[in-house]
Each structure stands twice: as structure tokens, then as C-alpha cells.
There are 4 protein chains.
Amino acid sequence: MKIGYAGMGIMGRGMAANLLEAGFDVTIWNRTPERTGPLAAAGAAVAATPAELAASCDIIMLCVSDTPDVEEVTFADEGLLAGLGTGKLVVDHSTISASATRRLAEAVREVGASWVDAPVSGGSEGAERGTLAIMAGGDAADIERARPVMEAYGKSITHVGPVGSGQMVKQVNQVLVVINGLAVSEALLLAKAGGLDLDATIEAVKGGGAGSWMLANRGPQIVDRDWRPGFTIDLQQKDLRLVLESADELAVPLPATSLVFQLYRALQRRGLGAEGNHALVKALEELAGLEVTRE
Amino acid sequence: MKIGYAGMGIMGRGMAANLLEAGFDVTIWNRTPERTGPLAAAGAAVAATPAELAASCDIIMLCVSDTPDVEEVTFADEGLLAGLGTGKLVVDHSTISASATRRLAEAVREVGASWVDAPVSGGSEGAERGTLAIMAGGDAADIERARPVMEAYGKSITHVGPVGSGQMVKQVNQVLVVINGLAVSEALLLAKAGGLDLDATIEAVKGGGAGSWMLANRGPQIVDRDWRPGFTIDLQQKDLRLVLESADELAVPLPATSLVFQLYRALQRRGLGAEGNHALVKALEELAGLEVTRE
Amino acid sequence: MKIGYAGMGIMGRGMAANLLEAGFDVTIWNRTPERTGPLAAAGAAVAATPAELAASCDIIMLCVSDTPDVEEVTFADEGLLAGLGTGKLVVDHSTISASATRRLAEAVREVGASWVDAPVSGGSEGAERGTLAIMAGGDAADIERARPVMEAYGKSITHVGPVGSGQMVKQVNQVLVVINGLAVSEALLLAKAGGLDLDATIEAVKGGGAGSWMLANRGPQIVDRDWRPGFTIDLQQKDLRLVLESADELAVPLPATSLVFQLYRALQRRGLGAEGNHALVKALEELAGLEVTRE
Amino acid sequence: MKIGYAGMGIMGRGMAANLLEAGFDVTIWNRTPERTGPLAAAGAAVAATPAELAASCDIIMLCVSDTPDVEEVTFADEGLLAGLGTGKLVVDHSTISASATRRLAEAVREVGASWVDAPVSGGSEGAERGTLAIMAGGDAADIERARPVMEAYGKSITHVGPVGSGQMVKQVNQVLVVINGLAVSEALLLAKAGGLDLDATIEAVKGGGAGSWMLANRGPQIVDRDWRPGFTIDLQQKDLRLVLESADELAVPLPATSLVFQLYRALQRRGLGAEGNHALVKALEELAGLEVTRE
């Protein structure tokens with residue numbers, strides 16, 4: 001079985017490296033060919049176009065930035081679609097629009113191929129270490145077929161429903177992440193204004209009903225004024241844009257999510273887009289003229 | 001050492017019963033004397049007034065509904081203050097105003113006594129089973145003195161700072177609880193509108209960056225349409241009122257907390273105040289005309 | 001007919017001066033007696049206590065800061081209540097709690113007197129020039145009896161319902177003022193970011209469906225960076241506190257009003273409480289790192 | 001001078017009829033040719049394609065639904081661009097994206113023609129009666145050239161800045177309209193809960209600092225439960241989508257605008273998209289379980 005991987009960004013490189021390490025026969029492609037160097041040196045074949053990649057492989061993995069990039073890689077003249085045919089399978093690890101995903105799946109189905117949307121969480125570290133959490137949408141048989149491949153970089157692979165469901169679950173995930181982050185921001189601001197010891201406060205509440213991953217992991221980072229990103233505001237905002245588009249299409253009101261989107265936007269304007277998503281607290285700090293610091 | 005307990009509500013009864021069981025010499029008092037019956041039968045002495053309770057005990061525990069109740073029990077003609085004197089210690093387990101707490105502490109200090117504010121989390125179950133989490137504010141020596149007593153019903157006892165800090169930490173706790181709850185509400189609404197399997201979605205995201213106690217514990221309850229309270233909307237709203245008063249005194253903007261307060265209010269108007277705080281989702285459901293159900 | 005006026009603050013002074021000018025027989029009282037000097041020099045009698053004021057006058061006007069002040073002036077040992085009796089009428093021009101107003105009215109009714117709540121809009125200028133708009137709640141007969149007196153400083157006097165209604169209408173008024181102000185803030189921020197000429201933009205839209213008093217009057221002031229108050233943020237916030245208390249008592253969700261309350265609070269923390277309520281725009285400017293200026 | 005008009009929707013029909021009535025030599029085009037019948041009968045020539053329309057006219061007016069429609073009419077094989085050339089002028093009365101407008105203007109400039117964006121307010125009634133307010137962006141000379149034509153249906157024609165500015169001002173206008181509408185909604189809900197006479201309340205406050213076009217015109221309609229649209233929720237939401245896209249591009253936080261967008265979305269889900277934009281109050285009513293009615 002031959003495996004293709006399109007997109008040698010920070011995520012794709014890590015995943016493809018793990019595929020090679022696991023012994024798969026891997027062919028790669030990237031828009032800017034320079035980026036294929038390191039993995040080619042490690043033993044990967046290199047395709048000249050997505051069409052060639054699709055034509056020469058059985059399962060083609062994909063990880064690029066956003067919806068238009070996936071559409072470009074798929075539908076361009078020398079795109080994946082031109083090389084796909086009966087029995088081939090595309091697994092898209094990008095985080096993109098759920099409705100666009102369904103259109104992409106429909107298009108490849110017409111040439112006899114299949115599409116699985118499989119966005120990940122766990123960041124570049126997870127891609128390198130092979131500890132990603134993968135939310136997969138598509139036919140069960142397709143996902144089972146891809147599972148041994150994805151296990152090269154995924155710690156957990158959950159089949160969440162038909163095609164598009166992976167993207168929807170990822171969006172649900174992001175809603176939780178950012179509103180939990182807003183909770184941490186308001187909580188720490190109140191704690192600071194109230195004269196509390198911030199470390200002791202986090203310690204006292206994180207184990208109970210107030211607990212969250214964001215509080216336990218990003219709370220201390222905020223108090224340390226450490227803005228290194230697990231996930232940047234720019235990427236978070238890109239994902240929230242997908243969430244808000246879905247909410248619009250599906251006519252669901254998401255008042256807090258949209259509030260966070262407004263606050264992140266203000267931080268982007270201030271040039272903080274490359275900081276971690278927990279820098280959300282800075283929007284409230286700026287508003288209040290109060291910093292959540294130890295002193 | 002003689003222990004007093006004022007307030008035989010659902011929380012106080014459980015804590016006092018654990019004190020008796022642990023072998024302490026316990027005297028109790030309640031505004032409506034009928035409620036003292038069961039514990040008196042179990043061996044507790046009964047005081048006629050808070051003043052008598054304070055006069056006859058070394059450490060006096062207190063758990064009543066709200067700030068005015070604590071003030072009444074303390075400052076009334078036959079209130080605690082009338083019986084307090086040098087070396088006595090009051091431990092207030094009620095959730096009340098932090099600034100009122102500081103005034104109460106000042107008043108008892110003038111007669112030589114001390115005040116510890118020690119709000120709890122864990123509900124009536126925690127009080128009965130002795131598994132409460134206690135956030136204590138006050139002098140370290142006072143808290144150490146009360147610690148062996150509180151261990152009769154507290155699983156964890158954290159000293160979080162000077163008097164009033166216990167109440168502030170409890171408020172910070174409530175901010176996190178309600179906004180994390182709002183996150184769960186928006187996330188499940190989006191999941192439902194997007195056609196996802198709700199159980200699979202919660203399962204897929206709860207272990208990662210989107211995880212929270214509210215998601216893991218109240219998420220499934222929402223999908224089951226099980227509105228039995230861990231903590232009722234009415235009580236949550238009472239606590240949020242304290243939070244918003246603090247925020248006002250301290251001039252801290254809390255946009256999401258205040259949004260939740262508005263949404264809970266709407267549910268109270270609809271007669272849902274006795275349901276669990278996770279029924280917050282009903283406000284968004286009502287707005288959207290969409291229910292987060294399995295079908 | 002003898003007229004009393006309690007409260008020689010900036011509003012009360014202006015109104016009382018207009019009463020003297022209109023030829024009424026006026027007695028005044030103020031907590032700090034120094035403030036009674038100018039009007040005494042202009043012909044007003046001075047009472048030593050509110051009780052004496054009430055005993056010696058037929059209709060007693062009142063304008064103080066907040067609910068507790070009105071309660072103090074009324075219920076203190078030498079308060080109004082001690083001097084009121086059958087046939088006397090109190091007209092309260094303060095902006096205070098509607099439910100407290102109903103309790104005050106009940107108390108004076110028990111001694112045979114009446115209460116009219118008559119909050120005003122139009123500011124200190126309106127009080128001086130006699131151009132206030134007065135929203136009066138109470139019995140029609142009482143309002144008719146007070147009307148000739150109020151006409152000394154009121155341009156319009158509207159009977160809006162039973163006692164307490166004047167305060168409620170004032171609160172409704174404030175909801176509109178602050179949310180319309182928020183509209184102006186967001187609109188001008190978008191205009192600025194979009195590179196528009198701000199004066200031309202206000203001019204182009206203010207006459208149509210987008211028009212409001214706030215836009216026409218405060219919009220240009222914002223563009224001029226002129227923060228002189230028609231109504232200060234501190235006073236606005238005090239009034240919003242009354243609104244939010246009512247909303248809580250009445251269980252009405254007011255998401256935008258409570259958002260403005262949060263934003264004003266942040267400005268107060270930054271020391272801007274004495275600026276005009278249109279300085280709300282600064283909260284959004286601070287957030288966005290963008291100023292709504294001509295350059 | 002020959003005038004073209006592309007788009008015989010409810011707005012375009014009215015404007016083109018006024019052009020004929022004013023004596024202009026008018027050629028029309030519509031995607032579905034049936035709709036050209038009535039005006040052809042009234043004397044308008046009919047073009048087979050936008051290219052033909054552009055080729056045969058000096059100034060081409062345009063009014064279609066949304067950004068993609070304008071792009072289609074302009075860039076399609078037989079689109080306007082194919083018929084434009086030196087000295088021709090396009091005046092776009094559609095409400096569309098400001099940034100797309102700048103791209104459209106750039107494209108027609110390359111063939112020697114000009115673009116004016118001139119969104120209108122005043123609805124279909126305004127189009128018929130010739131009383132539209134027109135916000136025009138573009139070169140002053142172009143706008144002056146089109147002014148005599150636009151005067152056939154425009155009561156006011158304001159030049160607000162360079163190309164794209166008309167669209168931006170329209171967006172600013174919409175921000176004001178919807179937030180002022182939110183103000184009316186919260187105010188009337190509070191008034192109702194507070195037991196006020198709604199008509200008297202509107203009357204008492206509309207003339208002062210709380211006043212707005214929305215309050216004066218839509219307030220009474222709400223109390224009458226008259227949901228006939230001046231402007232429908234569906235159209236309002238389409239325009240807010242443009243606003244939120246601009247805000248995203250320009251990185252401006254618009255918390256209240258985005259809250260309204262969420263609330264309208266909920267109403268669309270409930271099937272109320274064809275009601276007037278003042279039906280926003282229904283979102284809060286639904287939430288509160290309270291209707292703003294006279295009884």
C-alpha cells in the first residue's frame with residue numbers, strides 16, 4: 001500500500017516523518033518544492049503535482065491551511081481530483097469548513113474515490129511525537145482502512161459520524177476551548193482585583209467543578225506572563241471563523257463564542273496574533289487597566 | 001474544646017452530624033428550633049440564642065443562606081457578638097459578600113474574637129459524606145486551630161489568604177463554573193444543529209484542551225435531559241449576585257459572567273430556578289428553537 | 001401655599017432658585033447648612049431639620065443622590081416623616097430605586113401624606129433654565145396639585161402611572177441612552193477603521209433610520225474628543241445600578257445594558273468616571289487600540 | 001445621454017420607472033427577462049446581456065442582491081465589463097462588500113470606465129416615490145455626472161468619500177439601526193416587566209436623550225404587535241454579514257453588533273426572517289417568557 005502526503009507545513013512534516021518511521025512507502029508533495037527536501041532525504045518519494053501524488057498512491061493524506069487551500073489542491077488543473085479514481089481514499093487532516101468538506105467528498109465520490117475528514121488536536125508537538133487526537137468523519141470502512149496509517153501519528157482516532165462530522169466536532173472543540181479560556185480570563189481578573197494570591201487560587205479551585213484543561217494548563221502560564229503559544233490567536237481566530245460560518249449556515253446563536261471572536265480581533269489589531277490563545281486575558285486587562293500579575 | 005454550630009439548613013445539618021460522629025462536644029442553634037430535633041436526639045446540646053451558643057463554645061461554625069442572614073445571626077440583640085469574647089473563633093461556611101465578611105471580622109475582633117470565612121463546595125452530598133472542599137480565609141493560626149474540626153466534614157481545606165479571601169476564591173470558582181457551563185451550552189447547541197451524535201462528540205473532546213468538569217459531568221446530563229441539580233439555578237444566581245457586587249466594588253469588567261446572569265434570570269422568570277445550573281442550555285435552546293436531544 | 005425643598009445639590013439649588021423667582025414662598029433644608037446661604041440670601045427661609053421643613057410646608061420637594069439618602073432624609077429621627085401629616089405632599093426628584101419608592105410612599109401614606117416620584121432629565125442646565133423633563137408617578141390628583149410648582153422648572157411634566165412609575169420610566173430612559181451610546185461607539189469605530197470621514201458619515205446617516213439623539217449630539221463631541229459631561233459616567237453608572245437591580249427583581253434579561261455596565265466599570269477603574277457618558281467609546285478604543293479621531 | 005439599468009428587482013424596478021418618468025432614455029436588463037416586461041411596455045429598451053447594456057449606454061445603474069450577484073453581472077462572459085470602455089460610468093446601488101467594491105472599481109478602471117458605489121436607504125417605497133437617501137462613494141466628478149440621473153429617485157445624495165465609502169457608510173448606518181433596535185427591545189421589555197403603560201412610556205422618553213428613529217417609528221409598532229417590515233430580518237442579516245466581514249478585515253471589535261447578529265439568527269431559525277427588523281424584540285421575549293403587549 002502506497003501512502004501520499006500533500007502539504008509539508010509544520011503539521012504535515014511531522015506526520016509524514018512518523019509515516020516513514022513506521023515503515024510506510026511514502027510519497028510527498030508540497031506547493032513550494034523546497035520544503036520536501038528533508039523528508040526526501042529520509043526516504044520519501046516526491047510527486048511533482050497533487051495529480052501525480054493521487055495517481056501513484058492508494059491513500060492520500062492532506063494537511064494545508066484553510067478551506068481555499070484544500071479546494072485548490074483538490075480542484076486545480078493538476079489537482080488531486082485529476083489523479084483520483086476508484087478505490088482511492090483522501091484523508092484530510094486540515095481544519096476547514098464542514099460544508100465545503102461535504103462538497104469535496106461529493107466531488108471525489110463521482111470519480112469512485114472516498115473522502116475522510118480528520119482534523120486533529122495536539123499541535124505540532126503532537127504531530128512530531130505521534131500523539132495527535134484525531135476526530136474522523138466518513139464511512140466506517142474508509143476510516144478502518146486508514147486507521148493503521150493514522151496510528152503512525154495519532155494517539156486516539158475517534159469515528160464521530162459521516163463525512164463532515166470530523167470538522168463539526170473540531171468546531172465544537174474550539175467553542176469549548178475559547179469559552180473556557182474566557183472563563184479563565186474573567187476569573188483571574190476578578191482574583192487579581194480582589195487581592196488574591198493567584199497561584200493559590202488556581203490550586204484551590206482547579207480540582208473541582210470549576211476545573212478545566214484551560215485553567216490547569218493556561219492559568220499558570222497567564223500568571224507567569226508566558227504567552228508562548230500552544231495554539232496561536234491567529235490560528236484560533238481562523239478556526240473561530242469556521243465556527244461562526246457554520247453557526248450562520250445552521251442558524252445557531254453563539255453569543256459567547258462571538259464575543260471571544262470580537263476580543264481576539266482586537267488583540268490581532270494590536271499585533272498579538274502570534275501569541276498563545278490564552279493571551280485573550282489581555283483584552284480584558286486592556287479594558288480594565290489591570291494586569292493579572294503576581295505583583 | 002466545645003464546638004458550636006449555627007444554622008441547621010441542609011448544609012449545616014450534614015456538617016454538624018459529622019462533628020457529632022467524629023466525637024466532638026457539639027452545641028447547635030437554629031432560627032426555627034424544630035430543626036434542631038434530629039441532632040439533639042443524636043446527642044447535640046441546643047442553645048436558645050446565638051449569644052448563648054457563642055458564650056458556651058470555643059469555636060462556632062456557621063452556615064446560613066446569605067449576607068443579611070449572617071449579619072442578623074451576628075449582630076442581632078441576642079446574636080453571636082453578644083456572646084463572643086477573647087479567644088473565641090467563628091468559622092463561617094456560608095457563601096456571602098467578601099466586603100461584608102471583612103466588616104464582620106472587624107466587629108468580632110473588637111471583642112477579642114476571630115473570624116474565618118470558609119465557604120465550601122461539594123453540595124449537600126459533600127456535607128453528609130464529609131467530602132467538602134473548603135476555601136478558608138483568615139489568620140493562619142485561626143485556620144490551623146479550626147482545621148481538626150473542619151476535617152470532620154472537609155476533604156480538602158485550603159488556606160487561601162487573609163479574611164475575606166475564602167469568599168473571593170469562592171466567587172472566582174463560581175465565575176469559572178458558570179462560564180464553563182456556557183461553553184458546554186454553546187458547544188452542544190452547535191453539535192446538535194450540525195447533526196452530530198452528542199454522546200460521541202462529548203466523548204471525543206472531553207479528554208483534550210476542550211475538557212472541563214462541567215463538560216464531563218453536566219454534558220451527559222444535558223443530553224439525558226436530566227435537570228436534577230448538583231447546584232440549583234437559584235443558588236447559582238445568588239452566588240453570581242455576590243460576584244457581580246464584588247466586580248462592581250472592584251471595578252472589574254466581567255462580560256461573560258454578566259451575560260450568564262442575564263440568561264439565568266430569564267430561566268428563573270420561566271420558573272426553572274430549582275433546576276440544576278446546567279439547565280442554562282435551555283436559555284439558548286429557547287432562543288434558537290432547538291433542543292439538544294438525542295433525537 | 002408653602003413650598004419646601006430638601007437637598008441643595010447642583011440640581012436642587014437650580015430648581016429652588018426657580019421656585020423663588022416664580023414667587024413661591026420657599027423654605028429650604030440641606031444636610032450641610034453652608035449650602036443654604038445663597039438661596040437664603042435670595043429670600044428662602046431655612047429649616048433646621050427635614051422634620052421642621054415637613055411640618056412648616058404644604059408640598060415638600062426633594063432631590064438628593066441615591067436611595068439611601070432619600071431613606072435617610074425621610075426616616076431619620078428628625079426626618080421628613082416626623083413632620084409629615086394629613087394633606088402634605090412629598091415630590092421626590094431624585095433618581096432612586098422604584099421598589100424603595102413604593103416603600104417610601106407606603107410609609108408617608110400611613111401618616112396621611114402622599115408621595116410623588118418625579119425624576120427629571122435635562123441636567124443642571126435644565127434645572128437652572130427651568131427646562132427639565134419630568135416623569136411623574138403617583139396619584140393624578142397629587143400630580144395636578146404639584147404641577148404649578150413643578151412648572152417653575154419643568155418644561156414638560158408627564159404623568160406616567162402610579163407611584164414608582166416615574167422611577168421605572170427614568171430607568172427605561174437610561175437603558176435607551178446607554179445602548180444608543182453603545183451604537184454610536186461601535187458605528188464610529190467601524191467608520192474610523194474603514195477610513196471614512198467621520199463628520200461626513202454622521203451627517204449622512206443621522207437623519208434616517210440610524211438617527212438618535214445620542215448620535216446627533218454626542219457623535220460630533222466624540223469626533224472632537226470633547227469629553228465634557230452632559231451626564232457623567234459615574235452618575236450614569238449609578239443609574240444603571242438601579243436599572244440592573246430592577247431587572248434582577250423583575251427577572252428581565254438585559255444583555256446589552258449589562259454589557260455597557262461592564263464597559264463603564266472599566267472606564268471608572270481607569271479614572272474616567274467624571275467624563276461624559278459618551279466616553280463609553282474609549283472602552284472600545286482601548287480594546288481595539290484605535291482612536292476615533294479626525295486624523 | 002443613454003442610461004442603463006441592470007436588475008429589475010423590487011428596488012431596481014422603482015428606480016428605473018422614475019428614470020423613465022423623468023424623461024431619460026433608458027435601457028434595461030434583467031437575468032430573468034420576464035421581469036423587463038412592464039418597463040418595456042412603458043418605453044424602456046431591453047438589452048439581451050449586461051455587455052450589450054454597457055456597450056449601448058453612457059451611465060449604467062445596477063441594483064442586485066449581494067456581492068456575488070454584482071460580481072456575476074460584471075465579470076461573466078457577457079457581463080458589464082465586456083461592454084464597458086473609456087468614459088463609461090457604473091453606479092452600483094446594491095449593498096455589497098466594500099472591499100469587493102474596490103476590486104470591481106479597479107477592474108472597470110482598467111478598461112477606462114469608472115465605478116460609483118451608491119447604496120440607498122428608504123426601501124421599496126423610497127424607490128417608487130423617488131425619496132431614497134443615497135450614500136455615494138467615488139470620484140467627485142463621477143458623482144456629479146451621475147447626480148442628475150440619481151435625482152430622479154433620490155431625495156438626498158451625499159458624497160461620502162472615495163470608491164467603497166458608500167458601502168462603508170451604509171454599514172455604519174446598519175450598525176446604528178440594529179443596536180438602536182436592541183435598545184428599544186431591552187427598554188420595552190423592562191417597561192413591560194415594570195408594569196408601565198407602554199404607549200405613555202414611549203411618549204415620555206422619545207423626545208429627549210433616549211430618542212431615536214427606531215424608538216419613535218418601531219417602538220409603537222412593537223406595542224401594536226405589527227411585524228410588517230420596513231426592512232426584513234433576512235435583509236438586515238445579509239447586511240450585518242457585510243458589516244461583520246468588514247469588521248473582521250479591519251480588525252474592529254463590535255460586541256453589540258455581533259450580539260444582534262446572533263439574536264437575529266435565532267429568529268431566522270424560528271422562521272421569522274420575513275418579519276421587520278424590529279421583531280428583534282421577540283428574541284428577548286422568547287428568552288424571558290414575557291411579551292411586550294398592552295395587556
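None of the values given here were measured: they were computed from a predicted structure.

Below, the discussion takes up the relation of the copies chain C and chain A. Each of the two chain copies can be brought onto the other by rotation about an axis and movement along it. With an RMSD of 0.0 Å, chain C superimposes on chain A once it is rotated by 180 degrees and translated 0.0 Å along the axis. One copy is carried onto the other by what is essentially a two-fold rotation axis. Within chain C, L287 of chain C has its C-alpha nearest the rotation axis, a separation of 2.9 Å. Taken together, the interface assignments show that 100% of the residues at the interface of chain C recur at the interface of chain A, consistent with an identical surface on both copies.

On the side of chain A, 49 residues touch chain B, which itself brings 49 residues to the contact. Here chain B packs against chain A, burying approximately 4200 Å² in sum over the two surfaces, 77% of which is carbon and sulfur. Interface area lost by chain B to chain A is led by L176, E186 and L190 of chain B, which between them contribute 16%. Applying the counting criterion to the chain B and chain A interface returns zero salt bridges. At the level of secondary structure, the elements contributing two or more residues to the side of chain B that touches chain A comprise β9 (154–161), α9 (165–193), α10 (198–205), α11 (213–223), α12 (233–250), α13 (255–269) and α14 (281–288) of chain B. Per-element tally for the side of chain B that touches chain A: the top contributor is α9 of chain B, with 20 residues. The residue inventory of the side of chain B that touches chain A, partitioned by class, reads 35 nonpolar, 13 polar and one charged.

Attention now moves to the nonpolar core. If you look at the biggest cluster of nonpolar residues, it comprises 221 residues, and the most contacted ones within it are L176 of chain A, L176 of chain B, L176 of chain C together with L176 of chain D. Excluding residues that lie within four positions of it along the chain, L176 of chain A makes contacts with A183, V184, A187, V205, A210 and L215 of chain B. Listed in part, the 32 residues of the second largest apolar core include L39, M61, A127 and A146 of chain A.

Next up on the list: the side chain of K282 of chain C. Residues and elements named next belong to chain C. In this fold, K282 is placed in helix α14 (residues 281–288). A residue is classified by how much of its surface remains accessible, and K282, at 15% relative accessible area, is buried. When neighbours within four sequence positions are excluded, K282 is seen to be in contact with W227, L267, L272 and E275.

A few words on the relation of the copies chain B and chain A. Of the two same-sequence chains, chain B is brought onto chain A (RMSD 0.0 Å, axial shift 0.0 Å) by a rotation of 180 degrees. Looking at chain B, 100% of its interface residues are interface residues in chain A too, so the copies touch through the same face.

Conventions adopted
Residues numbered from 1 in each chain as written. Chains lettered and ligands numbered in written order. Predicted model: local features only at pLDDT ≥ 70, side-chain atom pairs only at ≥ 80, totals over all residues. Heavy atoms only, no water. Least-squares fit on C-alpha atoms with pLDDT ≥ 70 in both. Contact = heavy atoms within 4.5 Å. Buried area = accessible area lost by both parts, 1.4 Å probe. Salt bridge = Lys/Arg side-chain N within 4 Å of Asp/Glu carboxyl O. Helix = DSSP H or I, 4+ residues; strand = E, 2+ residues; numbered from the N terminus. Nonpolar A, V, L, I, M, F, W, Y, C, P; charged D, E, K, R; others polar. Core = buried A, V, L, I, M, F, W, Y, C linked by side-chain atoms within 4.5 Å. Buried < 20%, exposed > 50% of the residue type's maximum accessible area, 1.4 Å probe, protein only.

By themselves, these observations are geometric and do not establish any function.
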